[in-house]
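Close look at the chain arrangement
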Amino acid sequence: MPWPDSVERFHISAFLLFVLAQNILEAEGPWFESFVSNALVVYICEMVIDIIKHCFIAKFNDIKPIVYSEFLEDLCKQTLNMETENGKKTLTFVPLAPACVVIRVLAPVYAAHLPYSPLPWRLFWILLLSAMTFVMLASLKVMIGMGLKKHAKWYVNRCQKRKLHSD
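Residues numbered from 1 in each chain as written. Predicted model: local features only at pLDDT ≥ 70, side-chain atom pairs only at ≥ 80, totals over all residues. Heavy atoms only, no water.

1. Overview of the pattern of salt bridges
What the rule picks out here adds up to four salt bridges. The residue K77 makes a salt bridge to E73 at a minimum N-O spacing of 3.5 Å. In this pair, K77 and E73 both sit in helix α3 (residues 66-79), four residues apart, roughly one turn of the helix. Where K163 meets E73, a salt bridge forms, and the shortest distance between an N and an O atom there is 3.0 Å. With K163 in helix α5 (residues 119-166) and E73 in helix α3, this residue pair connects regions lying 90 residues apart in the sequence. Assessed through its relative accessible area of 36%, K163 is described here as partly exposed. Among the residues examined, E73 registers a relative accessible area of 7% and is labelled buried. Residues joined in a network through salt bridges with shared partners are E73, K77 and K163. (Salt bridge = Lys/Arg side-chain N within 4 Å of Asp/Glu carboxyl O. Helix = DSSP H or I, 4+ residues; strand = E, 2+ residues; numbered from the N terminus. Buried < 20%, exposed > 50% of the residue type's maximum accessible area, 1.4 Å probe, protein only.)

Structure below.
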């Protein structure tokens, strides 16, 4: 179902983050355009593979397309903390592993760009960069959460309107 696909996309994003950090540290010359185009190719190929995979799974297991809509509706209701009709298990996301990945990737990047100065100034820059990273990641988390809740509310309302019109 779509849940493992989103986990796969997160893993691909983490790997691309590793490659980006490595390029920042070691690449010479214009590398960013080729990195972006290669990352785009990876994501597009992953989406095409997922579409083909779900088509085969649906065809050979006689799964109707409405099942995906119902699954998305359940996920949206869980996002809005609404009770689902069948009391299915709630999917959760534990942010500890991604936080460790971010720390692991950004530590050498920051270390490579720290100015050579006395220890108190280096500590100041380390604390400043850490605080900026925390604020940026916290802001990103809040914005993604707000976007997911807005999309979930829109989709649940759409599904309820569709059910009212079909009755």
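2. Overview of α5
Along its 48 residues, α5 runs 69 Å from first to last C-alpha, staying within 8% of the 70 Å computed at 1.5 Å per residue. Of the residues making up α5, those classed as buried are L129, T133, A152, Y155, V156 and C159. Where α5 is buried, its residues touch α3 and α4 (96-113). (Expected span 1.5 Å × (residues − 1). Contact = heavy atoms within 4.5 Å.)

3. Thoughts on α4
Helix length check: α4 (18 residues) gives 26 Å between terminal C-alpha atoms against 26 Å at 1.5 Å per residue, within 8%. Of all the bends found along α4, the most pronounced is centred on L106 and spans about 30 degrees, while P108, a proline, follows it within four residues. Among all positions in α4, only P98, V102, V105 and V109 are buried. (Bend = angle between axes of the 7 residues up to and from the residue.)

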